[in-house]
Amino acid sequence: MAYAKMKPCPYCENADLDVYTYDSGWRHVECTTSCGYLGPGEGNIRQAIRSHNDIRDERRAEYLEAMRKKDAGRRALDQGGGEP
Ligand SMILES: [Zn+2]
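Residues numbered from 1 in each chain as written. Predicted model: local features only at pLDDT ≥ 70, side-chain atom pairs only at ≥ 80, totals over all residues.

Looking at an unreviewed UniProt entry, one finds the chain named Restriction alleviation protein, Lar family, with Chelatococcus reniformis as its source organism.

In structure tokens form, the structure reads like this:
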């Protein structure tokens, strides 16, 4: 059975992620680099991947929104001109 494709790491954009099962029985999507990303714990692999993908989408949207605001702020300053 094929699982949903995992989206890249929300922290470092690494596309090489694995699902690990912890002693507690929870399954987590984990980044294979040293960035420290650990996805939400779920009872099965399919759900762990789904939750990870949701988080990735949320963080990506937040990041893009922050960038957009930053750009808007920079433009406002540019238009403000120099010293009075
Ligand atoms: Zn990562």
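Next comes the rest of the account.
**Student:** Before we move on, could you go through the overall build of the chain and cite the residues and values that matter?
**Tutor:** Within the chain one finds 1 helix and 2 strands. Listing the helices and strands of the chain from first to last along the sequence gives β-β-α. Residue burial in the chain is summarised as follows: out of 84 residues, 15% are buried. Counting only contacts in the chain whose residues sit at least 6 apart along the sequence, the fraction spanning at least 24 positions is 30%. (Helix = DSSP H or I, 4+ residues; strand = E, 2+ residues; numbered from the N terminus. Buried ≥ 20, exposed ≤ 12 C-beta atoms within 10 Å, placed from the backbone. Contact = placed C-beta atoms within 7 Å.)

**Student:** Got a sec to walk through unusual backbone geometry? Specific residues and values, please.
**Tutor:** Both trends apply: most residues other than glycine have a negative phi, and most peptide bonds are in trans. Even without glycine at this site, Glu 13 takes up a positive phi of about 70 degrees. As for its position among the elements, Glu 13 is in the segment before β1 (17–21). Take Glu 13: there are 13 C-beta atoms within 10 Å of it, and that puts it in the partly exposed class.

**Student:** Describe the pairing of β1, and please don't skip the residues or the numbers.
**Tutor:** Where β1 meets strand β2 (residues 27–31), 5 bridges bridge the pair, whose relative direction is antiparallel. Looking at β2, one finds that Tyr 20 is bridged to His 28. Once β1 ends, the chain turns through 5 residues before running back antiparallel as β2, passing Gly 25 with a positive phi of about 100 degrees. (Pairing = 2+ DSSP bridges.)

**Student:** So what's going on with the environment of Arg 46? Which residues, and what values?
**Tutor:** Positionally, Arg 46 belongs in helix α1 (residues 45–80). Residue Arg 46 is classed as partly exposed on the basis of its 15 C-beta neighbours within 10 Å. Taking C-alpha positions, Arg 46 is 7.1 Å from Ala 4, a pair spaced 42 residues apart along the chain.

**Student:** Summarise the confidence of the model for the chain; cite the residues concerned and give the values.
**Tutor:** Should the pLDDT be low somewhere, the predicted coordinates at that spot are not to be read in detail. Taken over all residues, the pLDDT of the chain has a mean of 89, while the share at 70 or more is 89%. When mean pLDDT is compared element by element in the chain, β2 scores highest at 97, while α1 scores lowest at 88. (pLDDT = per-residue confidence, 0-100.)

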